[in-house]
Amino acid sequence: MEKDMKKTIITVVGKDTVGIIAGVCTYLADNGINILDISQTIVQGYFNMMMIVDMAGCSRQFGDVSDELTELGEEIGVVIKCQKEEIFDKMHRI
Amino acid sequence: MINLYEVAETNRMIEEENLDVRTITMGISLLDCIDADLKRLNEKIYQKIYESAKDLVKTGEEISREFGIPIVNKRISVTPIALVGGAACRTAEDFAGLARTLDKVAHDIGVNFIGGYSALVSKGMTPADELLIRSIPLALSATERVCSSVNLGSTRTGINMDAVKLMGEIIKSTAEHTKENDSLGCAKLVVFCNAPDDNPFMAGAFHGVTEADKIINVGVSGPGVVKTALEQVRGESFETLCETIKKTAFKVTRVGQLVAQEASARLRVPFGIVDLSLAPTPAIGDSVADILCEIGLEYAGAPGTTAALALLNDQVKKGGVMASSYVGGLSGAFIPVSEDQGMINAVQAGALTLEKLEAMTCVCSVGLDMIAIPGDTKASSISGIIADEMAIGMVNQKTTAVRIIPVIGKGVGETVEFGGLLGYAPIMPVNSFSCEAFVNRGGRIPAPIHSFKN
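Residues numbered from 1 in each chain as written. Chains lettered and ligands numbered in written order. Predicted model: local features only at pLDDT ≥ 70, side-chain atom pairs only at ≥ 80, totals over all residues.

1. Here's the deal with the overall build of chain B
Moving on, step 1. Check the secondary structure of chain B and you find 15 helices and 14 strands.
Moving on, step 2. Relative to its length of 454 residues, chain B is compact, with a C-alpha radius of gyration of 21 Å against a globular reference of 22 Å.
Moving on, step 3. Across its three principal axes, chain B shows a C-alpha extent of roughly 65 × 50 × 50 Å.
Moving on, step 4. Residues counted as buried form 60% of the 454 residues belonging to chain B.
Moving on, step 5. Put simply, of all contacts in chain B between residues at least 6 apart along the chain, 80% involve residues at least 24 apart. (Helix = DSSP H or I, 4+ residues; strand = E, 2+ residues; numbered from the N terminus. Rg over C-alpha atoms; globule rule 2.2 N^0.38 Å. Buried ≥ 20, exposed ≤ 12 C-beta atoms within 10 Å, placed from the backbone. Contact = placed C-beta atoms within 7 Å.)

2. Notes on the pairing of strand β8 (residues 271–275) of chain B
Residues and elements named next belong to chain B.
Moving on, step 1. Judged by how many residues are buried, β8 sits mostly within the fold: five of five residues are covered.
Moving on, step 2. With two bridges connecting them, β8 and strand β9 (residues 327–328) associate as parallel partners. When the bridges of β9 are listed, Asp275 appears paired with Gly328. (Pairing = 2+ DSSP bridges.)

3. Regarding the environment of B:Gly27
All names here are of chain B.
Moving on, step 1. Position of Gly27 relative to the elements: it lies in strand β1 (residues 20–28).
Moving on, step 2. In this structure the C-alpha to C-alpha distance between Gly27 and Val78, which are 51 residues apart in sequence, comes to 5.7 Å.
Moving on, step 3. Sequence-distant contacts of Gly27, defined by excluding residues within four places in its chain, comprise Ser77, Asp198, His207, Glu211, Lys214, Ile215, Asn217 and Gly272.

4. Here we look at the interface of chain A and chain B
Moving on, step 1. At the junction of the two partners, chain A supplies 21 residues and chain B supplies 18 residues.
Moving on, step 2. Mapped by element, the contributors of at least two residues to the side of chain A that touches chain B are β1 (7–15), β2 (34–43), β3 (46–54), α2 (62–76), β4 (78–84) and α3 (86–92) of chain A.
Moving on, step 3. Looking at the side of chain A that touches chain B element by element, the count peaks at seven residues for α3(A).
Moving on, step 4. Split into classes, the residues belonging to the side of chain A that touches chain B amount to seven nonpolar, seven polar and seven charged. (Nonpolar A, V, L, I, M, F, W, Y, C, P; charged D, E, K, R; others polar.)

5. Structural notes on helix α10 (residues 288–295) of chain B
Residues and elements named next belong to chain B.
Moving on, step 1. Counting buried positions along α10 yields eight of eight residues, so the element is predominantly enclosed.
Moving on, step 2. For α10, the set of buried residues is Val288, Ala289, Asp290, Ile291, Leu292, Cys293, Glu294 and Ile295.
Moving on, step 3. The secondary structure elements touched by the buried residues of α10 are α8 (223–231), α9 (238–267), α11 (305–321) and α12 (341–348).
Moving on, step 4. Of the residues trailing α10, Gly296 is marked for its positive phi of about 140°.

6. Some remarks on the nonpolar core
Most often, soluble globular proteins have nonpolar side chains that are buried together.
Residue and element names in this part refer to chain B.
Moving on, step 1. By size, the foremost hydrophobic cluster in this structure holds 172 residues, and its most contacted members are Leu152 and Val259.
Moving on, step 2. The element that contributes the greatest number of residues to this core is α9, accounting for 10 residues.
Moving on, step 3. Looking at which domains feed residues into this core, each of domain 1 (14–193) and domain 2 (221–445) supplies at least three. (Core = buried A, V, L, I, M, F, W, Y, C linked by C-beta atoms within 7 Å. Domains from an automatic or database assignment.)

7. Considerations on the environment of B:Ile114
Moving on, step 1. Here B:Ile114 is to be found in strand β3 (residues 113–120).
Moving on, step 2. Each residue touching B:Ile114, except ones within four places of it in the same chain, is listed here: B:Arg75, B:Ile76, B:Val78, B:Leu102, B:Ala106, B:Arg145, B:Val146 and B:Cys147.

8. Regarding α2(A)
Moving on, step 1. The first and last C-alpha atoms of α2(A) sit 21 Å apart over 15 residues, in line with the 21 Å expected at 1.5 Å per residue.
Moving on, step 2. Among the residues of α2(A), those classed as buried are A:Val65, A:Ser66, A:Leu69 and A:Gly73. Angularly, the buried residues of α2(A) cover 100° about the axis, an arc narrow enough to put them on a single face. Away from its buried face, by an angle of more than 90 degrees, α2(A) presents the exposed residues A:Asp64, A:Glu71, A:Glu74 and A:Glu75.
Moving on, step 3. Along its buried surface, α2(A) packs onto β1, α1 (20–30) and β4 of chain A together with α3 (56–67) of chain B.
Moving on, step 4. Two residues or fewer past α2(A), A:Gly77 is found with a positive phi of approximately 95°. (Expected span 1.5 Å × (residues − 1). Arc of directions from axis to C-beta.)

9. Observations regarding unusual backbone geometry
Moving on, step 1. Residue B:Ala203 is bonded to the preceding B:Met202 through a cis peptide linkage, with omega at 10°.
Moving on, step 2. Inspection of the secondary structure assignment puts B:Ala203 in the loop between β6 (189–193) and β7 (214–221).
Moving on, step 3. For A:Gln44, which is not glycine, the phi torsion reads 50° and is therefore positive.
Moving on, step 4. Within the fold, A:Gln44 resides in the loop between β2 and β3.
Moving on, step 5. One non-glycine residue, B:Asn18, lies in the positive phi region at around 60°.

10. Points about the domain arrangement of chain B
All names here are of chain B.
Moving on, step 1. When cut into domains, chain B gives domain 1 (14–193) and domain 2 (221–445).
Moving on, step 2. Taking the mean C-alpha position of each, domain 1 and domain 2 sit 21 Å from one another.
Moving on, step 3. Counting from both sides, the interface comprises 46 residues of domain 1 and, opposite them, 53 residues of domain 2.
Moving on, step 4. Counting only elements with at least two residues in the side of domain 1 that touches domain 2, the list comes to β1, α3, β4 (146–154), β5 (158–160), α7 (161–177) and β6.
Moving on, step 5. Taken together, the residues of the side of domain 1 that touches domain 2 break down into 23 nonpolar, 11 polar and 12 charged.

11. Points about the environment of A:Asp4
Moving on, step 1. Within the secondary structure layout, A:Asp4 lies in the segment before β1.
Moving on, step 2. A:Asp4 sits 52 residues away from A:Ala56 along the chain, and the two C-alpha atoms are 7.0 Å apart.

12. Concerning the sheet that holds β1(A)
Backbone hydrogen bonds are what pair the strands of a sheet, in a parallel or an antiparallel way.
Residues and elements named next belong to chain A.
Moving on, step 1. The sheet built from four strands is open, its strands ordered β2-β3-β1-β4 with antiparallel pairing. Two strands lie at the open edges of the sheet, namely β2 and β4, each paired on one side alone. Within the sheet, the average angular offset between the axes of one strand and its neighbour, ignoring direction, is 15°.
Moving on, step 2. Here nine bridges tie β2 to β3, and the two strands are oriented antiparallel to one another. Bridge pairing in β3 links Thr41 to Asn48. (Axes fitted to C-alpha atoms, helices over the stretch in contact; angles between N-to-C directions.)

13. A few points about the pairing of β1(A)
All names here are of chain A.
Moving on, step 1. In this sheet, β3 lies alongside β1 in antiparallel orientation, the contact comprising nine bridges. Bridge assignment links Val12 to a residue of β3, and that residue is Met49.
Moving on, step 2. With seven bridges joining them, β1 and β4 adopt antiparallel strand pairing. Across the sheet, the residue bridging to Thr8 is Lys84, located in β4.

Here it is as structure tokens:
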């Protein structure tokens, strides 16, 4: 099961405001992207969130999802990045 | 599972500390293009390169986007053209025509440099080798993206001093041919001792004859990441310093390994090597010299510089070698002057001289790199500088190189602007005493005693 997953890390950074998680989660749900894990902190008023999601159920192109999340971030006033998990795995795990 | 802090660390390296993959370089063998008919040779070269690498740029951009890591350059290296063109080329102009074909295909594919306008003459020159070398000024002034390299010596063969003498003249001539652009042609021309077959970095990349038909080599870059990591251990012992460099080099290299494997799988071209070099750029915070300062020097060039560079180079290799399944190319720290703001500052402050740079090349990869010298420097003096650097490589069984730019019409105290990744450089003084009688002897310097290992 694990092998079929397409794990992706979504990071959201910016000034805290109402509805950041709601906005991102709605977009993910609408596109069939399953959330596996969320961690979030607020440092000096700055919202910092990381989500691990599985894109196996999403029929869209990775690049399109990435672009739309960037646009969504601009609407909310935060920076949203979408990166495949391997870059973090490779760097931090032997 | 990956946690928030690890993700933040990786993204900080990318966004704030200039971590990037410097280049994905596809090596392509042109040996199967060899033809005695010049026109057909040109066509075959164009076709082979175009068909092999047409998806290189697109694939690089996709990988960059999916992992969120910048991949700055996509490049191509080919079999040394002296070998490929030997059967068809009768004149220097014939060879320069091949350079134009390489330039055109590089332009059509969208890669920024294509390397391999090269000759391997460490022991002797064939007529084709010599013809190619003599065509270099013409080729580099008539093309935009072609890079040229010549291997002049090796630990196994000694140094070909006839070729060293010739290259002094060729570098001067290339400078003259491109004097309208501050002698930019010389920035695309490098001479080597012990040139590696799988180097992904320009200007010295070529696809060695021992390589497969096609191969993917990757060069990473991360001086800024190392510098920032070292800021956290100021005043600590050498043990802590070295451990920190190793850990950081490991992380940087893992990114290169990932990108290399992805590119290899997507392009269906075997993965060759990751080059562990710390490659600086003129961007602020992307400097090898700044790392030396962080280690404890006021400027690069101060007493202690060679030792600091030696440990940096060694720790980068130790950290990187475990992070990649195949390591190759040049792998070490680059110390180009014009491409590194910290080096430029050191020259301008009077801390760094050509002689100190030469000493530094004994302990790091490559050699005298991107150094601007006065345009009226004699060809024999350039040959002398090359011979010194080749001797360092030959005796120490390492790669050394010279990429030096005699800027026509300019002298010490002036600066020269190359633009982009090539940066700008203050013109450095050259020892003005003559070595003409030495250079003019002719022949070759025999291989050193420790090369006889059989």
